[in-house]
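Understanding the architecture of this molecule
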Amino acid sequence: LFSHYEPDAVASYRLPGDTQPRYITANEGDAREYTYFSEDKRVKELTLDPYLLLAVMSIESSFDPNARSAAGAQGLMQVLTRVHVDKFAPFGGAAAAFDPVANISVGSRILKEYLVREGSVEGALKSYVGAALHEHDSGYGYKVMSERERIAAAAAGRPIPAKPLSPPVVDNDTRATALGGASG
């Protein structure tokens, strides 16, 4: 799995001790034109790191397709359907937020748009968690990138890092004001 556009397949599996299924996606390439997405050329050509996508799902929902947040975010990628309702239209509307294929498709589209707009993974993650207008993301980017490193190590057969990346230094006042809703 080298990139992510729109998944051709979604599969689930469980490891010993898992209470929720884990989801993986596969994309073998797709020549179809998705006319319902009116993305500019840069967003269309952008591919997402699949480990980053899995890390976002891990941090956002712990791979629970039925996850809901107090802020109203839903599904694997915790998309705020009230903000992104138009993106769910091709999948039958906002009720599709709990469908793994729809949620991953919409969440990855949002992340791609933020990558193009912000110009960096860090900036995109800050926007994804709803902290674009704040000085800090309260450690969200750190958590996602640490999880991405763990997933990449596991996929490569390397030892999984026991110690995560060094966390950013954020004071308590900033932490209290920086957290907004995911995908806002």
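Up top is the structure.
Below you will find a few notes about this structure. Since the model is a prediction, treat every value here as computed from it, not as a measurement.

Let us now look at the overall build of the protein chain. Looking only at helices and strands, one finds six helices and four strands in the protein chain. Starting at the N terminus and walking to the C terminus, you meet the elements of the protein chain as β-β-α-α-β-β-α-α-α-α. With 184 residues in all, the protein chain has 45% of them scored as buried. Nonlocal contacts in the protein chain, meaning residues at least 24 apart in sequence, comprise 56% of its contacts between residues at least 6 apart.

A few words on the packing of helix H2 (residues 50-61) against helix H5 (residues 140-155). In contact at an axis separation of 8 Å, H2 and H5 are set at 120° when each is read in the N-to-C sense. Judged by the angle between their axes, H2 and H5 are oblique. Crossing hand, H2 versus H5: right-handed. Residues Tyr51, Leu52, Leu54, Ala55, Val56, Ser58, Ile59 and Glu60 of H2 touch H5, and the partners they reach there are Tyr140, Lys143, Val144, Met145, Glu147, Arg148, Ile151, Ala152 and Ala155. A class-by-class count of the residues in the contact of H2 with H5 yields twelve nonpolar, one polar and four charged.

Along the chain, the position of Gln20 falls in the loop between strand S1 (9-13) and strand S2 (22-26). Since its relative accessible area comes to 32%, Gln20 is described here as partly exposed. A C-alpha to C-alpha distance of 8.1 Å links Gln20 and Ser62, two positions 42 residues apart in sequence.

So, about the nonpolar core. Considering soluble globular proteins, one finds that nonpolar side chains tend to be buried as a cluster. One finds Val56, Met57, Leu111 and Tyr128 to be the most contacted residues of the largest nonpolar core, which totals 29 residues. Among the secondary structure elements, those contributing two or more residues to this core are H2, helix H3 (100-118), helix H4 (121-128) and H5. In terms of residue count, the dominant contributor to this core is H3 (seven residues).

Now for the packing of H3 against H4. Angle between the axes and distance between the axes are the two parameters that describe a pair of packed helices. Where H3 contacts H4, the axes come no closer than 8 Å and their chain directions differ by 125°. The orientation of H3 with respect to H4, classified from their angle, is oblique. When you trace H3 past H4, the crossing you get is right-handed. Across from Gly107, Ile110, Leu111, Tyr114, Leu115, Arg117 and Glu118 in H3, the residues of H4 making contact are Val121, Gly123, Ala124, Leu125, Ser127 and Tyr128. Here the contact of H3 with H4 is built from residues that sort into eight nonpolar, three polar and two charged.

Now for unusual backbone geometry. Positive phi outside glycine occurs at Ser62, with the angle close to 55°. With respect to the element layout, Ser62 can be found in the loop between H2 and strand S3 (73-74). Positive phi is not limited to glycine here, since Phe63 has a value of about 65°. Within the fold, Phe63 resides in the loop between H2 and S3.

Its 19 residues place the ends of H3 26 Å apart at the C-alpha level, agreeing with the 27 Å of an ideal helix rising 1.5 Å per residue. Within H3, 15 of the 19 residues are buried, which leaves the element mostly enclosed by the surrounding structure. Once H3 finishes, Gly119 follows within two positions and takes phi at roughly 85°, a positive value.

Criteria and thresholds
- Residues numbered from 1 in each chain as written.
- Predicted model: local features only at pLDDT ≥ 70, side-chain atom pairs only at ≥ 80, totals over all residues.
- Heavy atoms only, no water.
- Helix = DSSP H or I, 4+ residues; strand = E, 2+ residues; numbered from the N terminus.
- Buried < 20%, exposed > 50% of the residue type's maximum accessible area, 1.4 Å probe, protein only.
- Contact = heavy atoms within 4.5 Å.
- Axes fitted to C-alpha atoms, helices over the stretch in contact; angles between N-to-C directions.
- Parallel < 35°, antiparallel > 145°, perpendicular 65-115°, else oblique.
- Left-handed = near helix turned anticlockwise from the far one by under 90°.
- Nonpolar A, V, L, I, M, F, W, Y, C, P; charged D, E, K, R; others polar.
- Core = buried A, V, L, I, M, F, W, Y, C linked by side-chain atoms within 4.5 Å.
- Expected span 1.5 Å × (residues − 1).

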